[in-house]
Amino acid sequence: MNEPNQPQPARGPVRITVPSRADGFLRQFTALIGGPLGRHSEPGRIDPGFFSVERVIILMTTVGALLMLLAKNPCRINGWTGNNPYAYACYSDWVPLFSARGFAENPWAPFSAAAQFEYPVLMSTVASAVASIIPTGIENRSLLYFDINLLLVAILWMVTVIATLRMTGRRPWDAAMVAIAPGIILAGSINWDMWAVALLALGMLAFARKHTVLAGVLIGLGTAMKIYPFFILGAVLVLAIRTGKFKTFWVTAGTAAATWVLVNLPYALAFPTSFMHFFNFSSERGAGFSSFWHAFNVIADNREGIAQFEAEQISRYGLILFFLCCVGVAVLGLTAKRTPRLASMAFLIIASFVMVNKVYSPQFIVWLIPLFALALPRWREFVIWMLVEAAHFYGVWFYLDSLSAEEAQKAFPETGYVVLVLAHMVMLGYLMFLVARSILDPRHDPIRAVGQDDPLAGPYAGAPDRWTLRGLLAGSKNTNEVAENKS
């Protein structure tokens, strides 16, 4: 009998999983098109022709990108002035930053001794590079700046989808979640976060294919965009501890750290004050509008005897809570009977960061969607999650619009805003619970239900366990029993 973490013997050609048969939620919607795909049409036994899975999903992503453009079109037509970004829910950082941070006058404005650009170095580079190709002699240059950034985001979305598809093993259709995700359609063009999302997806794909140095480089570049790709190394560390293969972790983590230093060090040496502005701004800023902390402060503002959280307190408490969450994920990963999958632990770690961080921007949803598709690709939960996030998305902008509303009847109620913020956090917490349950009981894991172990394990694939908390505790118990019997 094969051990759970040992490679399984080959049993003929690999067949991909058909969503209309494997997912009970989707199966309910196939009646109108003749029911689920039949067994005589098993993928892999017939030539799909032009409409291969990858091409269909690329087409779906193209439609998603057009919907992203459509969602922002009210601002493209009416401008991003006044309350338009809030009233039409078409806000984007790109347009106001183009003028407010000096890109209109100097495309490389972040790279100066007096610069105050509140983003990491590599993101500053992207912002400046796009600004540098905007002609100076045209009207409405900020609109062109937006359009070019949106086009790049669409390309990065495509890259993320293809990378996700190639990490799904027998379940390539899971990448469709990323291709048509309303969360990305609505929030992907708020900021430059899709750059970090794509770099992390490519880094995970490289790791899955055992290219650990390349994976480290891509993760390091992603961290130079946004800090969250760095957290995936915590999941790699758990696998290293369980298998005793620490070299893989040190190569990946060391390469990621070296890449981050090489990207940041020249800027830090040349413009130390500007370099530190991002870190100072992050520590001093208040709670973000989509965060629990801001919702609590809104409640406290209307209740006597309840003190609001200050920025310094939120930073401290958020850091402590995130540390405790990481410890919890590590304990979960080291006590599970079967080695947890990389994507499952990565989702839990990054979702924990989003939950407790003082800044929970609406675009952070794009961080989580590809990880969810790899960790728990269940369509019913995904659809409910996206509906909750869409309601929250519009609720945040309508709330911001109401802050300057002159007529009381046009104001979005604070209670509605608080409820929507709590709803999207409760929903994320529920997804975290489901992922944790799939780690403890693999029978709830859709990936392992189709006969796969971990398509993302890379160098750890098939490696037997050498150290777990469960085994350590069992060993201590056996030792105590022997001592009692001798006495």
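So, here is what we can say about the structure in this document.

About the thresholds
- Residues numbered from 1 in each chain as written.
- Predicted model: local features only at pLDDT ≥ 70, side-chain atom pairs only at ≥ 80, totals over all residues.
- Heavy atoms only, no water.
- Core = buried A, V, L, I, M, F, W, Y, C linked by side-chain atoms within 4.5 Å.
- Buried < 20%, exposed > 50% of the residue type's maximum accessible area, 1.4 Å probe, protein only.
- Contact = heavy atoms within 4.5 Å.
- Salt bridge = Lys/Arg side-chain N within 4 Å of Asp/Glu carboxyl O.
- Helix = DSSP H or I, 4+ residues; strand = E, 2+ residues; numbered from the N terminus.
- Disulfide = S-S within 2.5 Å.
- Polar contact = N/O pair within 3.5 Å; in protein donor to acceptor, adjacent residues only side chain to side chain.

1. Observations concerning the nonpolar core
Counting residues in hydrophobic clusters, the biggest one holds 134 residues, and the most contacted among them are Trp-192, Phe-347 and Trp-385. In this view, Trp-385 contacts Ile-365, Leu-368, Ile-369, Phe-372, Met-427 and Leu-431; residues no more than four positions away in its chain are not counted.

2. Observations concerning the pattern of salt bridges
Considering all chains together, one arrives at 12 salt bridges under this definition. Measuring nitrogen to oxygen at the nearest pair gives 2.8 Å for the salt bridge that ties Asp-445 to Arg-341. In this pair, Asp-445 sits in the loop between α20 (414-440) and α21 (446-449) while Arg-341 sits in the loop between α16 (311-335) and α17 (342-356), placing the two residues 104 residues apart along the sequence. Each member of the pair Asp-445 and Arg-341 is classed as buried. In the salt-bridge network here, residues are joined through shared partners; they are Arg-338, Arg-448 and Asp-453.

3. Considerations on unusual backbone geometry
In most cases, non-glycine residues show a negative phi, while peptide bonds are predominantly trans. A positive phi angle, close to 50°, is found at Ala-89, a residue other than glycine. Structurally, the position occupied by Ala-89 is in the loop between α4 (84-87) and α5 (94-100). Residues other than glycine seldom take positive phi values, yet Lys-210 does so here, at roughly 70°. Within the secondary structure layout, Lys-210 lies in the loop between α10 (193-208) and α11 (212-225).

4. Let's talk about the state of the cysteines
Considering all chains together, one arrives at 1 disulfide under this definition. The partner cysteine of Cys-75 in its disulfide is Cys-90, sulfur to sulfur 1.8 Å. Across the disulfide from Cys-75 to Cys-90, rotation about the S-S bond amounts to roughly 60°, and the bridge is consequently right-handed. With Cys-75 in helix α3 (residues 53-78) and Cys-90 in the loop between α4 and α5, the pair connects residues that are 15 residues apart, well separated along the chain. Assigned by exposure class, Cys-75 and Cys-90 land together as buried.

5. Focus on the side chain of Ser-438
Among the structural elements, Ser-438 can be located in helix α20. Given the relative accessible area of 0%, Ser-438 is considered buried. Within polar-contact distance, the side chain of Ser-438 engages the backbone oxygen of Val-435 at 2.6 Å. Contact partners of Ser-438, with chain neighbours within four places excluded, come to Ser-344, Leu-376, His-444 and Asp-445.

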